[in-house]
Structures are given as C-alpha cells and as structure tokens.
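For reference, the chains in residue letters:
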Amino acid sequence: MTEEPMRGNRRSFRHLPQNSTNSDVGPPAYQRGWSANIPSCNAQLFGKINLPVSAEIRCVVALAITCVWDSEVVLRGFSRNSFHDLKGCFAKHMTAQEVRLCGLLLQEHFGEVVERIGTHLLRGGAQNLRTIANETNTPLDLVKKSLCVLVQHGACEFGSGRRGPGSPVEYRASCERVLRVLRYPRYIYTAKTLYGDTGELIVEEVLQRGHMTMSNTVKTVADRLTHNMEEGRSMEYSEVVSAFSKLVETHFLQRCPPVAEMGTAATSTTPATPSTPAAPASTSPPTAESNPDCYKLPHVTLIGRGKRRRSSDDSEEQRGGKKAKMDSESCGDEGIYWLVNFERFHQHFRDQAIISAVASKLDQTSSEIVRTMLRMSEVTTTQTAAYTQPLSANEIFRSLPPNYSISRPILDQYLSLLVDDPMEFVGKSGDSGGGMYVVNLQRALANLARATLESVVQERFGSRSARIFRLLLRKRHLEQKQVEDFAMIPAKEAKDMLYTLLSENLVQLQEIPKTPDHAPSRTFYLYTVNQLPTARLLLQHCYKTVANLIERRLFETKENKRLLEKSQRIEAILASLQASGAEPEQLTEVEEMITAPERQQLEALRHHINKLDSTENQVDETVFLLESYIFSTKTKRERGREGGEPGG
C-alpha cells in the first residue's frame, strides 16, 4: 500500500490515542500537554538517529513538529529520514497549496511525467535516482529525462548524498523556482516595455530554453524577427546583440555559474565521524555575486542577418539538423550560458509598485522624483537592502528628466514633503550636498502589504469591517467596547464583524489576565491584527486561487479540445494557402469549414480563457507584493540577529 503524504490538519489527528508512539503520526503537542508529550516523544525516531534522548532534544523536536502541524505543512514519514533531513524539512517547509500550485505549473508547461517527478521531490525532499524511480513507479529513462528538464530550467538542484563523497547523487526540487513560472508573462512584457520587441524575444527564448548561449539567442531571435518582417527585409545580428548587451548591463540577464563551481559546491560536505553523522550535501548552486564575470559579455563574432523560415523547416527532423548546424558554428562563446535574473526583475516590479503608490498618494512630480532616485541606485542596491544608496539633492536635481523643468527650491520642497509623509517612502540620512536622501524599501513594502490587506478585507467583508481592521492596525490592541466607540459602529454590528474577522484569522484575540486563574471576569480581552501572519495567510489564499484558475483553464481547454484542434488545423491551412498565393474564393471556402455555432462557441471560449489569464496575472501581482514583504521582514530579522539586535 502506497503511503500518502500527510497534511497537518489537526482535526484529523484527534481520533488517535493520547499515548501514541507512532513516529509518522500523532496529535499536536498542545492537545496532549507538554508533560505527557516529552517522555513519549518518538523514542523510535531517536533510536534510528543514534542520539541520546535528552529532555531538551525531545522538547525542541516536539516544538518543531507542533509548529509544522500548525502551519499545514506537507509532511513525510519522519521515521525513515535522518535528523538532518528532519531539520531541512523544518527549514524549507512547503504548504499544501504551494505544492499543488507547483504541480499544476509543471503539468501545464512540461507534461504529466515531469509533474509527477517534480511533485514527488517537493514532497519527499532530496532523493537519489533509484529511489525516485521506485517510489513514483516511473521507468528510469523517463526519470532521467524529467530531471534533465528540471535541472535545465533551474527547478532542481543536485549534489552528493547524505553519506558524503561516493554516495549516490541526490536531487532536490526548488518550490520557489517552480513558482517563478507563474510570472513568465510579466517578465516578457517588462522586457518588451523596456527594450522593445527584440528584448521581448530574447527574454522569451531564454525562459523557454532555461539557459542559452549568446550566439544561439541572437541567431534565433534574428530569425524570428526576420520571419515577421516584410518580404525583402531582415534583422541584422548587430541589433540583437545591442539589445542583449543592454539586458546584461542592467542585470536582467546573467551568466550561469560554471559547471566546475557547481560540482565543487555540490560536493562540499562535512565528513562523518562515529559520533557525528555526515552533514547533508550543499545542493545550492553558487550565487551570481560569487561569479566575478557574471555580467561580463564574451567577445562574440556575429556577422550577418536573420534568415526567413521556410515552410519545409517545420519538420522535426530538419529543425534538429538546423540546430546541430547552428551549434557547430564557432562564435567564441562556447560553454558560456545565460539565464534570466529573476531577482532583478523583481526589483523592477517593486520599484514600479512604489512609484505607483507615490503617484496615487501625492502627485506625478513626486513619483518622478522617486523614480529618479530608484533609477540612480537600481544596479547598486542589493535585493536584501533596506534602503537605497544615499543620494544628494544636487545629484537628484541633475538626474531629473529634461521634461521636468522644476527649479531647485521646488525640488527641495518636494523632498521635504516626501520625508514628512506618513507613508515614509523617502527618508533623510544627512545634510551634505544639499541633503542626503534614501528610499526606505522595507517601509514601502510594509505599507504596500498593509494596503493590500485592507483592500482584501473591504472587498470581502465591506467598508465597515475594513474600518475596524484599519483601526486595529493603527491602534494595535483594543477592547470590544473601544472598537465600537472608535469605529462609531453599533455594538451588535461591531461584535458580528469582529467575530467574522476572528473566524477568518484576520483578527486575533489576546487574553491578559489580572489573576493566575484566568477568570473571565478578571481578564482583559484585546483584539489585534498581526500584519505578518495575516500576510502569510492571505498569500496561501492567493496560491489556492491561482491553482483554481489554472485548473479551470485546463478543464475548459480539455472540454473543448476537439473544437480547438479543428480551429488550429484550419488556421494552418489558411496560413499555407496565403503563403502560396491562393485566391480569395479558396480562403473563404476553407474559413466556412467552421460553422457559425462553432465560431460563436470559440469566441466565448477565448473570451473566458482570456478572463482567466487576466485574473491570474492580477492575483500574481498581489502574490508578488506579499512575498516581497514577507522576504523583507525575514532579512530584517536576520540583520538584527547578526548585529546583536532583536529581530522583527
């Protein structure tokens, strides 16, 4: 019987006996009590790890398991994993909604076999090739091909196994990287906005292939642009090289780490001793910053123009021969592959969100000043930075666009207005050079996430509930009577709204007892909103929404598969006839092969799918804001620990 991965729904564990010692299942610690939990904390698990079972270890593991169950993590049988796998599971846990969404994205873009392998790795953690094939009942050849696809697109990392050098190579899927597939249309559209059609096709080709050499990218994009041009015109390689260079200079494209470095990093493990088990292999590839030539363009000799694609080139065999011929040509960049720098795109999205917020809160001139500050420090500001690089008022004044002909005193007034604004998007860090100014990135993301939460509450529960939610965000802790008075809402309605928000986990209730017995008559009950946990909750709802949208789109496509295939065949026939110079009567006759009801059904289907795609992109914008806010709070806590300050 195949063992199903378990989800941490605490209601499903209430039927178990209170003294259960099963290492795979068990009720949360707070239901059994700490005194009952610590002595029976999975002695079987510790026996397999060969560690002394002390009360401290039992307490830590019980606390970790409780936290994992409370956050609804997809669990795997702990009794078969080593202690380091257990620790890694807690460090990089994934929720059920994330795994479900990753599976749908893998299925839609790479097929069912890759989806099966990828989902299994997401749920089971690092595994070797034989284990993956046995547990998924998939032929070894298909497993190898699926892993090649995942590694090619950066969705899977590999390294030596738990037992150190010489053990079988293990593979680990990256949930975060798979979720980036959802944002592919936005990456491509951003490249089109910044660098035109050439930049759009460059980013699209690299995303579709995972990584490519510069020469192959330039030739492929030039051929595609030439095919869409008028007869007799073609795209020169030099124009595509120019667009590629701009993408690299602004860090939207970066080099892949060399294979030797990946192998070195992957095999760096701590040797095992009789008393200390081997540390898990480091499967993370080196970062872009670790490669000094990350943004260095190779010297490529590309002279020529794009070639127009013939109809005979569409056969699979000829395409393969053409690709082999292209690869055989030496251009000087063999072995140097490029990939899309997602973090740089995310930085651009974050900057655009801040600029839009300033424009809606103040005016267009203020947003242009903030845009200038962000543009001046976009390459020098790291992803984890809390502020941009300090800029003097003189530098900002000189860098303003020519069409904004504002005087220096007016600029100083705008900067003072931005610094004094309650949103605190801009801060002042010094007085030299007419004043040193920075953009407070962390504060901006926190305010954007807060506005998103307020908007969600207003759309779901109405303006009065949003008023209560906003009041609790501002006042932090309030009793029910205070909420009624401050929000100016009748007591009965305020109570219903508070309980509705409480049942949806958007509002929390904190008890402050006057006496140790927690008597209700001697206890304060304060309502509060914790922005970070609420943002995490909303993020999971967004993942669920996107997964539902994808499932609906796949269902609609499957239900109308016959009609869509017929439409595609007719469109291919029409394109072939037009290329051969057919007469209008022939084209009309082919078009009439689709009846009026079928045409109407096709239009309704396309309209429906377009609405689903548009909604998916809009939800992804919310997902991006919430992910950026949660990541910024995480880096803030880490900086606090490194500096000896309390995090958060």
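Here the structure is a predicted model, which is why all the values come from computation and not from measurement. (Residues numbered from 1 in each chain as written. Predicted model: local features only at pLDDT ≥ 70, side-chain atom pairs only at ≥ 80, totals over all residues. Heavy atoms only, no water.)

Enquirer: What am I meant to see in the overall build of the protein here?
Expert: Looking only at helices and strands, one finds 27 helices and 13 strands in the protein. Evaluated residue by residue, the protein yields a buried proportion of 44% over its 648 residues. Total accessible area on the protein stands at roughly 35000 Å², and carbon and sulfur atoms take up 52% of it. (Helix = DSSP H or I, 4+ residues; strand = E, 2+ residues; numbered from the N terminus. Buried < 20%, exposed > 50% of the residue type's maximum accessible area, 1.4 Å probe, protein only. Areas by Shrake-Rupley, 256 points an atom, 1.4 Å probe, with all protein chains shown as cover.)

Enquirer: Teacher, can you tell me more about the packing of aromatic side chains here?
Expert: Two numbers describe a pair of aromatic rings. These are the distance of the centres and the angle of the planes. One pass over the full model with this rule turns up 11 aromatic pairs. On the numbers, 6.3 Å between centres and 50° between planes, the contact of Y184 with Y187 is tilted. Of this pair, Y184 and Y187 are both found in helix α11 (residues 184-209), three residues apart, which corresponds to roughly one turn of the helix. Counting every residue linked through ring pairs, the aromatic cluster contains Y184, Y187, Y195, F252, F342, F345, F349 and F624. The lysine or arginine in question, R344, covers the ring of F252, its NZ or CZ lying 4.5 Å from the ring centre. Across from the ring centre of F486, 5.3 Å away, lies the NZ or CZ of K475, which sits over that ring. (Phe/Tyr/Trp six-rings, centres within 6.5 Å; stacked < 30°, edge-to-face > 60°. Lys NZ or Arg CZ within 6 Å of the ring centre and 35° of its normal.)

Enquirer: Is there a simple way to think about the sheet that holds strand β7 (residues 253-255) in this case?
Expert: Adjacent strands of a sheet pair through backbone hydrogen bonds, lying either parallel or antiparallel. Read from one edge to the other, the open sheet built from three strands follows the order β6-β8-β7, with strand pairing classed as antiparallel. The sheet is open, and its two edges are formed by β6 (212-213) and β7, each paired on a single side. With three bridges joining them, β7 and strand β8 (residues 337-340) adopt antiparallel strand pairing. The residue bridging R255 from the neighbouring strand is W338, located in β8. (Pairing = 2+ DSSP bridges.)

Enquirer: Would you explain the sheet that holds strand β5 (residues 170-173) in this entry?
Expert: One open sheet accounts for three strands, arranged β3-β5-β4; its pairing is antiparallel. Unpaired on one side and paired on the other, β3 (127-128) and β4 (156-159) mark the two borders of the sheet. Inspection of the sheet shows β3 paired to β5 by two bridges, in the antiparallel sense. Its bridge partner lying in β5, N128 is registered against E170. This element, helix α7 (residues 112-124), spans β3, β4 and β5 of the sheet and lies at about 95° to β5. (Contact = heavy atoms within 4.5 Å. Axes fitted to C-alpha atoms, helices over the stretch in contact; angles between N-to-C directions.)

Enquirer: Which parts of the structure should I look at to understand the packing of helix α12 (residues 214-227) against helix α13 (residues 237-249)?
Expert: Relative orientation and spacing of two packed helices are given, respectively, by the angle between their axes and the distance between those axes. Look at α12 against α13: their axes get within 9 Å of each other, and the N-to-C directions meet at 120°. Taken together, the axes of α12 and α13 lie oblique to each other. Between α12 and α13 the crossing geometry is right-handed. Along its contact with α12, which presents M214, T217, V218, K219, V221 and A222, the element α13 presents Y237, V240, V241 and F244. Here the contact of α12 with α13 is composed, by residue class, of eight nonpolar, one polar and one charged. (Parallel < 35°, antiparallel > 145°, perpendicular 65-115°, else oblique. Left-handed = near helix turned anticlockwise from the far one by under 90°. Nonpolar A, V, L, I, M, F, W, Y, C, P; charged D, E, K, R; others polar.)

Enquirer: Explain helix α19 (residues 408-420) here, please?
Expert: Each α-helix winds once per 3.6 residues, and so residues spaced three or four apart point in a common direction. Over its 13 residues, α19 runs 18 Å from end to end, which matches the ideal 18 Å to within 8%, given 1.5 Å per residue. Taken together, the buried positions of α19 are L411, Y414, L415 and L418. For α19, the buried positions fall inside an angular range of 100° around the axis, keeping them on one side. Pointing more than 90 degrees away from the buried face of α19 are the exposed residues P409, Q413 and D420. (Expected span 1.5 Å × (residues − 1). Arc of directions from axis to C-beta.)

Enquirer: Explain the state of the cysteines to me, please; I cannot follow it from the model alone.
Expert: Working definition of a disulfide: a covalent bond connecting the sulfur atoms of two cysteines. Taken as a whole and assessed by the stated rule, the structure comprises zero disulfides. The structure places no disulfide on C102, whose sulfur is separated from the nearest cysteine sulfur, that of C175, by 3.4 Å. There is no disulfide at C156, and the cysteine sulfur nearest it, in C148, is 9.8 Å away. A residue is classified by how much of its surface remains accessible, and C156, at 5% relative accessible area, is buried. (Disulfide = S-S within 2.5 Å.)

Enquirer: Hey, could you run me through the packing of α7 against helix α9 (residues 140-152) in this one?
Expert: The N-to-C vectors of α7 and α9 enclose an angle of 75°; their axes lie 9 Å apart at closest approach. Taken together, the axes of α7 and α9 lie roughly perpendicular to each other. Residues V113, V114, I117, G118 and L121 of α7 lie in contact with α9, whose contacting residues are L142, V143, S146, L147, V149 and L150. Its residues assigned to classes, the contact of α7 with α9 comprises nine nonpolar, two polar and no charged.

Enquirer: What is the right way to look at the side chain of H120 in this model?
Expert: You can see H120 is positioned in helix α7. Not counting the four nearest positions on each side in its chain, H120 is found in contact with G125, Q127, I132, E135 and T136.

Enquirer: What is the right way to read the nonpolar core from this model?
Expert: The nonpolar side chains of soluble globular proteins are, as a tendency, buried together. Formed by 63 residues in total, the largest nonpolar core has its most connected members in L101, L121, L147, I468, F469 and L472. Top contributing element to this core by residue count: helix α24 (residues 531-559), with 10 residues. Residue contacts for L147: discarding those within four places in its chain leaves I117, L121, L129, I132, C156 and Y171. Within the second largest apolar cluster, 34 residues are counted, among which are L201, F252, W338 and F624. (Core = buried A, V, L, I, M, F, W, Y, C linked by side-chain atoms within 4.5 Å.)

Enquirer: What am I meant to see in the pattern of salt bridges here?
Expert: For side chains bearing opposite charge, pairing can occur when the charged atoms are close. For the structure shown, the criterion picks out 31 salt bridges. We note a salt bridge from E627 to R183, for which the minimum N-O separation is 3.3 Å. In this pair, E627 sits in helix α27 (residues 596-642) while R183 sits in the loop between α10 (175-179) and α11, placing the two residues 444 residues apart along the sequence. Residues E627 and R183 agree in their burial class; the two are buried. For R408, the salt bridge goes to D412, with nearest N and O atoms at 3.1 Å. In this pair, R408 and D412 both sit in helix α19, four residues apart, roughly one turn of the helix. (Salt bridge = Lys/Arg side-chain N within 4 Å of Asp/Glu carboxyl O.)

Enquirer: Help me understand the pairing of β5, please; the structure alone is not making it clear to me.
Expert: If a strand is regular, its side chains alternate between the two faces of the sheet. Pairing between β4 and β5: four bridges, direction antiparallel. Bridging from a neighbouring strand, G159 pairs with E170 of β5.

Enquirer: Can you walk me through the environment of A393 in this structure?
Expert: Tracing the backbone through its elements, the reader meets A393 in helix α18 (residues 393-399). Judged by its relative accessible area of 0%, A393 is buried. The spacing of A393 and G434 is 41 residues in sequence and 5.3 Å in space, taken between C-alpha atoms.

Enquirer: For this particular structure, what's the right way to read the side chain of S146?
Expert: Of note, S146 is situated in helix α9. Once residues lying within four places of it in the same chain are set aside, the contact partners of S146 are V113, V114 and I117.

Enquirer: Any chance you could explain the confidence of the model for the protein here in plain terms?
Expert: Low pLDDT marks regions whose predicted coordinates should not be analysed in detail. Chain-level statistics for the protein give a pLDDT mean of 76 and a share of 75% at 70 or above. In this model residues 324-328 is a low-confidence stretch, pLDDT under 50, and it forms four contacts with partners more than four residues away in sequence or in other chains. (pLDDT = per-residue confidence, 0-100.)

Enquirer: Explain the environment of L549 to me, please; I cannot follow it from the model alone.
Expert: With respect to the helices, strands and loops of the structure, L549 is situated in helix α24. On the basis of relative accessibility, which here comes to 12%, the residue L549 falls in the buried class. Sequence-wise, L549 and E616 are 67 residues apart; in three dimensions their C-alpha atoms are separated by 6.7 Å. In contact with L549, other than residues within four places in its own chain, are L612, T615, E616 and V619.

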